[in-house]
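A structural walkthrough
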Amino acid sequence: MRSEPTDINSNLISPLRPHVMVLFGATGDLARRKLLPGLFHLAQAGLLPKCRIVGTSLDDLDDEGFRAYARAALDDFAHHGVADDEWDEFAAGLFYVCQSAGNEALAKIVLELEEELGGDVARLHYLSVPPAAAPEVVQRLGEVGLAERARIIMEKPFGTDLASSIELNEALHRTFDESQIFRIDHFLGKEAALNILAFRFANGLFEPIWNRQHIAHVQIDVPETLSIGHRIPFYEKTGAYRDMVVNHLFQVLAFMAMEPPTALEPRSIGEEKNKVFRSLSPIEPSQVVRGQYGGYLDEPGVRPHSETETFIALRCEIDNWRWAGVPFYLRTGKRMAEGARVISIAFREPPKSMFPLGSGVGAHGPDHLTFDLADASRLSLSFYGKRPGPGMRLDKQSLQFSLHETGRTTDLLEAYERLIYDAMSGDHTLFTSAEGVERLWEASKPLLENPPPVRPYSAGSWGPNAIHQLVAPDAWRLPFERAWRSR
Ligand code: BG6
């Protein structure tokens, strides 16, 4: 029997309540590159409700100054152009309160704007502030009454270990109920991440083989070519594991590995994700390679002899009935050879081969199902097929699909756009819970307490050599032996 449609996308067409949104860190890098352009695109796409946006930060601006700042951000980063009439309407909804004016001033303008909007107005606070500042901002929101009727979007990191994440969650919960908190992980807002759910649960084809009997190993590989740049002060204290693995890579892993949720709704999906995290075996230092690219120590702001890793590769396991014994290999790093965001699922090879030696069977690794989580996402299923002509020679072939083929790429929402929209809708599906975050830090304990030494790797490489031993007898899928087909 078919269940009633309760899909996530139904939100995309239901009208949202008018909103007053407070953007903390409004003149920061994230606001400039993603949040202001994202809000503007939501407005262009007709997905932003009646909305007033109050920017706040340490910069001494007035409303006009903030509008000029936002306009410059859109000129640099808006993907869909900025038409005059669209801009005029958007700009009229932008306001600014300098943090030095105090929280009472902020509360005053929020109340005035709510009154002006009239009716049932929702509040959304977006905290794009350094982690150390977040608890205080939250406390102040409570003190001036701005936590009432409000939702709050928090940016990672959600602590740096178990103790600090518990402390942070306790601080948040003194002001906000868990149901009001939206911990953002922008990887889950990517179109391709949601497509994992569609692919797995909307089809009968793959779920029966989505387990230890048929899957030999899984790779979640997110190499980046960029360096740390101006983020050194943050990165020095953070490193690749805390910056990328605890958040993005484990979250993607949960979507890949979770059991079918009882319904496509936030609570069921959240429960299944948390079960994956509970089954995650502790991360063993012996199963981890930490790396640092050559030249990192010379970058301004890096401590002499810094042991911060700019690269990490690890092997972990999900100790449950579906996945016991299947290695999950995770890798990410800065200044690597290529930028990619790939989930690669290697299927077990046939138990016996009838093909003659030299036929090419198995010569290019196992069959793979590959998800490319790029914005223009792609999917590929590789298999051995017969090379045309006499005899039996086998070549690796693949079935490939690219998002472009849907002909709907103009409907794409960028990750932050989707997540802001979801938070306005009250939809927690793509956000992380306190329980999930704490469990991940708990599983990280052995590694954080006893990290292996950092090994050097050359900028522009795939990481230290030890990564090959880590996955042997398997092999890293990247760099791809054959490029994606381009149409
Ligand atoms: C951020 C990390 O969360 O994600 C960065 O802090 C990283 O270090 C970035 O570069 C990668 O995100 P994306 O969407 O550009 O792949």
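Everything below is about the structure printed above this text.
Residues numbered from 1 in each chain as written. Predicted model: local features only at pLDDT ≥ 70, side-chain atom pairs only at ≥ 80, totals over all residues. Heavy atoms only, no water.

1. Describing the environment of Ala415
We count it as follows: What counts as a helix is a DSSP run of H or I of at least four residues, what counts as a strand is a run of E of at least two, and both are numbered from the N terminus. Exposure is judged per residue with a 1.4 Å probe applied to protein chains only, and the accessible area is read against the type maximum: over 50% gives exposed, under 20% gives buried, and values in between give partly exposed.
Here Ala415 lies in helix α10 (residues 415-425). Ala415 gets classed as buried once you look at its relative accessible area, which sits at 4%. Sequence-wise, Ala415 and Val289 are 126 residues apart; in three dimensions their C-alpha atoms are separated by 30 Å.

2. Some words on the side chain of Asn274
Put simply, the rule reads: Any pair of nitrogen or oxygen atoms within 3.5 Å is treated as a polar contact; in protein, a donor-acceptor pairing is required on top of that, and neighbouring residues in sequence qualify only through side-chain atoms on both sides. For this analysis, residues touch if any pair of their heavy atoms sits within 4.5 Å.
Along the chain, Asn274 turns up in helix α9 (residues 266-279). Engagement of the side chain of Asn274 in a polar contact is seen with the side chain of Ser433, the distance being 3.3 Å. In this structure, Asn274 is in contact with Ser433, Glu435 and Gly436, ignoring residues within four places of it in sequence.

3. Observations regarding the site of the ligand
Applicable threshold: The rule for a residue being near a molecule or strand is that one of its heavy atoms must lie within 4 Å of it. The Shrake-Rupley method, run with a 1.4 Å probe, gives the accessible areas here. Residue values count only the displayed protein chains as cover.
In the neighbourhood of the ligand, the contacting residues comprise Lys156, His186, Phe187, Lys190, Glu224, Arg231, Asp243, Met244, His248, Lys334 and Arg341. Separating an oxygen atom of the ligand from a side-chain N or O atom of Arg231 is a distance of 2.7 Å. Between an oxygen atom of the ligand and a side-chain N or O atom of Arg341, the distance comes to 2.7 Å. Taking 400 Å² as the accessible area of the ligand by itself, protein coverage stands at 80%.

4. Quick word on the sheet that holds strand β4 (residues 122-127)
Rules: Strand pairing is assigned whenever DSSP identifies at least 2 bridges connecting the two strands. All axes are obtained by fitting lines to C-alpha atoms, using only the stretch in contact for helices, and the reported angles, taken between N-to-C directions, cover 0 to 180 degrees.
Taken in spatial order, the 6 strands of this open sheet run β3-β2-β1-β4-β5-β6, and their pairing is parallel. The outermost strands of the open sheet, each flanked by one partner alone, are β3 (94-98) and β6 (181-183). Going across the sheet, the axis of each strand differs from the next one's by a mean of 20°, ignoring polarity. Pairing geometry for strand β2 (residues 51-57) and β3, over 5 bridges, is parallel. Following the sheet pairing, Ser57 is matched in β3 by Cys98.

5. Re the pattern of salt bridges
To keep it simple, the criterion reads: Salt bridges are counted wherever a side-chain nitrogen of Lys or Arg sits within 4 Å of a carboxyl oxygen of Asp or Glu.
In this structure the tally under the stated criterion is 32 salt bridges. Notably, a salt bridge pairs Glu114 with Arg149, separated by 3.0 Å at the nearest N-O pair. Taken together, the positions of Glu114 in helix α4 (residues 103-117) and Arg149 in the loop between α5 (134-143) and β5 (150-154) put the pair 35 residues apart, joining distant regions of the chain. Classification of Glu114 as buried rests on a relative accessible area of 8%. For Arg149, a relative accessible area of 46% corresponds to the partly exposed category. A salt bridge links Arg290 to Glu309, with the nearest nitrogen and oxygen atoms 3.1 Å apart. Taken together, the residues Arg290 in strand β8 (residues 288-293) and Glu309 in the loop between β8 and β9 (311-316) connect sequence positions 19 residues apart. The same class applies to Arg290 and to Glu309, which are both buried. Each of Lys156, Glu224, Arg231, Asp243 and Lys334 takes part in salt bridges that share partners, so that together they form one network.

6. Examining the pairing of strand β14 (residues 394-402)
Burial of β14 is one-sided: the residues Leu394, Lys396, Ser398, Gln400 and Ser402 facing one way are buried, the residues Asp395, Gln397, Leu399 and Phe401 facing the other way are not. Here strand β13 (residues 378-386) pairs with β14 via 9 bridges, running antiparallel. Looking at β14, one finds that Lys386 is bridged to Leu394.

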